[in-house]
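Spelled out from the first residue to the last, the chains are:
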Amino acid sequence: MTDGAQLIVDWTHVRRRASGLERIACELFSPAALAPLSVRTQEAGHGRLSMAARQMLVLPAAAVTTPHSVWVFPGYPPSPLFSLLRERAIFYVHDLFLMTRARDLNSAARAYMAKPFHFAVRHMRYFLANSVTTAAALSAHTAPDAVITLYRPEVRDVFGLALSGEREPGDGTTLVIGCIGTIEPRKNFLAAARIRATLSERLNRPVELHIVGREGWGGDYCELSGMAHVRLHGFLADDAAAAVIRRFDILLCSSEDEGLGLPLLEVQHGGVAVVAPGGPVFHEVLGASGTFIDPSQPDAAANTIMSLIGSSGWRARSAQLARANIANWNARARDDRARVIELMSELLRKVERKGVRGAECPS
């Protein structure tokens, strides 16, 4: 490829380490991650207006004036104007909540993101998906000629949990259940709190629920903050988060749905036992390493967790399964990356060939 054929990645939403969208953009779509391709990122200034203006107007205008470029959108939905450039635009889809769970969106997401997402899914051609579950759901809504390629993230030990060794069970009196994620209705942390209370009653011992994640929209944060034995840590940098996570006996996911559930994998570097809903994406991500519940049934969920922690050698067994699962997942992720590099390379070759033909003058 010539120097003119370039991959341009939308990083307008990347400002701080605060969300899965930003983490994925940095780890899967950086120049280093996509080497040896020629990659340039497009960033925005501070403030939402700057971000919105670049996403909706500046980026499509830049795409028109750079015909030897392929554009990648790993965060926010692209401007509808990119439907006119569908042969050189790629949209990474984390989940379909903007289409399927409108009731769980805040007003900003409904006003700014939902309609462009619908439009992109219907009209764009090239998509990347973070899981088999997301890819299958996406395929039901795309155009007949759409190409959907898996690009599962290779999960690093971002919290340094593998270096800390096995978690010690402490004084044996308090069971610590952890959750990770923004506190908003879809994460369903109120269900986790109900499971905590039921477990404490059944076990006749203290059970604490620790949640690492920023306050989102809705009233769940206020309700949780008034509950006994529930600790809200807010958003924490990796080192501070690691100190909290190392105290977890169990990571509990109570979410109503996820596109992937990256923290479920990240904590497995530390051998933490993971309890999650029984939906398809959770089985895909956790496999044999997961313990599955229905968060809406606190009694049954408590029984399942009691069976887990009541079995002999459960910590060591959970750690072994967790680390085996991470190894298998990362092997598949590396295969995905090779396929994605080839897809992007082919699109760059196409725009290069088209540009060369367009530059030819008749004799």
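The structure under discussion appears in the preceding block.
Residues numbered from 1 in each chain as written. Predicted model: local features only at pLDDT ≥ 70, side-chain atom pairs only at ≥ 80, totals over all residues. Heavy atoms only, no water.

A. Representation of the overall build of the protein within the structure. Scanning the protein from N- to C-terminus turns up 12 helices and 12 strands. At 22 Å, the protein has a C-alpha radius of gyration in line with the 21 Å of a compact globule built from 363 residues. Along the three orthogonal principal directions, the C-alpha set of the protein runs to about 90 × 40 × 35 Å. Across the 363 residues in the protein, those meeting the buried criterion constitute 51%. Of the contacts made within the protein by residues no fewer than 6 positions apart, 67% connect residues no fewer than 24 positions apart. Only carbon and sulfur atoms are counted for the fraction: they give 55% of the accessible area of the protein, which is about 16100 Å². Taken as two groups, the 40 positive and 36 negative side-chain charges of the protein have centres that lie 3 Å from each other. (Helix = DSSP H or I, 4+ residues; strand = E, 2+ residues; numbered from the N terminus. Rg over C-alpha atoms; globule rule 2.2 N^0.38 Å. Buried < 20%, exposed > 50% of the residue type's maximum accessible area, 1.4 Å probe, protein only. Contact = heavy atoms within 4.5 Å. Areas by Shrake-Rupley, 256 points an atom, 1.4 Å probe, with all protein chains shown as cover. Lys, Arg positive; Asp, Glu negative; His and termini not counted. Charge placed at Lys NZ, Arg CZ, Asp CG, Glu CD.)

B. Local environment of the sheet that holds strand β1 (residues 6-10). Strands sit in the order β2-β1-β3-β4-β5-β6 across an open sheet of six strands; the sheet is parallel. In this open sheet, the two strands that pair with only one neighbour each are β2 (39-42) and β6 (147-150). For this sheet, the mean angle separating the axes of adjacent strands, direction not counted, is 25°. Bridging between strand β5 (residues 126-129) and β6 involves four bridges; their strand directions are parallel. Its bridge partner lying in β6, F127 is registered against I148. (Pairing = 2+ DSSP bridges. Axes fitted to C-alpha atoms, helices over the stretch in contact; angles between N-to-C directions.)

C. Examining the environment of E266 more closely. Mapping E266 onto the fold places it in helix α9 (residues 262-266). Between the C-alpha atoms of E266 and E154, which are 112 residues apart in sequence, the distance is 9.9 Å. Those residues in contact with E266 that sit more than four places away from it in its chain are R23, V155, R156, V158, F159 and L161.

D. Focus on helix α11 (residues 298-310). For α11, which comprises 13 residues, the first-to-last C-alpha distance of 18 Å matches the rise-based estimate of 18 Å (1.5 Å per residue) to within 8%. Every buried residue of α11 is listed here: A301, A302, I305, L308 and I309. Each buried residue of α11 lies within a common arc of 120° when the element is viewed along its axis, so the set occupies one face. When the buried face of α11 is taken as reference, the exposed residues oriented beyond 90 degrees from it are S307 and G310. (Expected span 1.5 Å × (residues − 1). Arc of directions from axis to C-beta.)

E. Quick peek at the side chain of D249. By the element assignment, D249 lies in the loop between α8 (238-245) and β10 (250-252). A relative accessible area of 4% means that D249 is categorised as buried. Here the side chain of D249 touches R315 through a polar contact of 2.8 Å, side chain to side chain. (Polar contact = N/O pair within 3.5 Å; in protein donor to acceptor, adjacent residues only side chain to side chain.)

F. Broad picture of the sheet that holds strand β8 (residues 207-212). Taking strand neighbours across the sheet as the criterion, the six strands line up as β9-β8-β7-β10-β11-β12 in an open arrangement whose pairing is parallel. Both edges of this open sheet fall to β9 (230-234) and β12 (290-293), since each of them pairs with a single strand only. Here the strands of the sheet are splayed against their neighbours by 25° on average, with no regard to which way each runs. Where strand β11 (residues 273-277) meets β12, four bridges bridge the pair, whose relative direction is parallel. Paired with P277 across the bridge in β12 is I293. Of the strands in this sheet, β7 (175-180), β10, β11 and β12 are in contact with α11, which crosses β12 at around 155°.

G. How the structure looks around the packing of aromatic side chains. Overall, the coordinates contain seven aromatic pairs when judged by the stated rule. Note on F73 and F82: the rings are 4.7 Å apart at their centroids and 70° apart in plane angle, and the pair reads as edge-to-face. Accessibility expressed as a relative area gives 1% for F73, which makes it buried. Given a relative accessible area of 1%, F82 falls into the buried group. Between F91 and F127 the ring centres are 6.5 Å apart and the planes differ by 50°, which places this aromatic pair in the tilted class. Remark: F127 occurs in strand β5 and F91 occurs in strand β4 (residues 89-93); sequence separation between them is 36 residues. (Phe/Tyr/Trp six-rings, centres within 6.5 Å; stacked < 30°, edge-to-face > 60°.)

H. Inspection of the pattern of salt bridges at higher detail. Applying the stated criterion to the full structure yields 17 salt bridges. For R152, the salt bridge identified is with D336, shortest N-O distance 2.6 Å. Here D336 lies in helix α12 (residues 314-359) and R152 lies in the loop between β6 and β7, a separation of 184 residues in the sequence. Owing to a relative accessible area of 0%, D336 belongs among the buried residues under this scheme. Residue R247 is joined to E208 by a salt bridge in which the shortest nitrogen-to-oxygen separation is 3.9 Å. Taken together, the positions of R247 in the loop between α8 and β10 and E208 in strand β8 put the pair 39 residues apart, joining distant regions of the chain. What you see here is one network of salt bridges that share partners, running through R86, E87, R125 and D145. (Salt bridge = Lys/Arg side-chain N within 4 Å of Asp/Glu carboxyl O.)

I. Main features of the environment of F189. You can see F189 is positioned in helix α6 (residues 189-203). Residue F189 is classed as buried on the basis of its relative accessible area of 3%. Residues F189 and V93, 96 residues apart in the sequence, show an inter-C-alpha distance of 24 Å. Beyond its immediate stretch of four places on either side in the chain, F189 contacts C179, I180, G181, T182, I183, L209, I211, L224 and S254.

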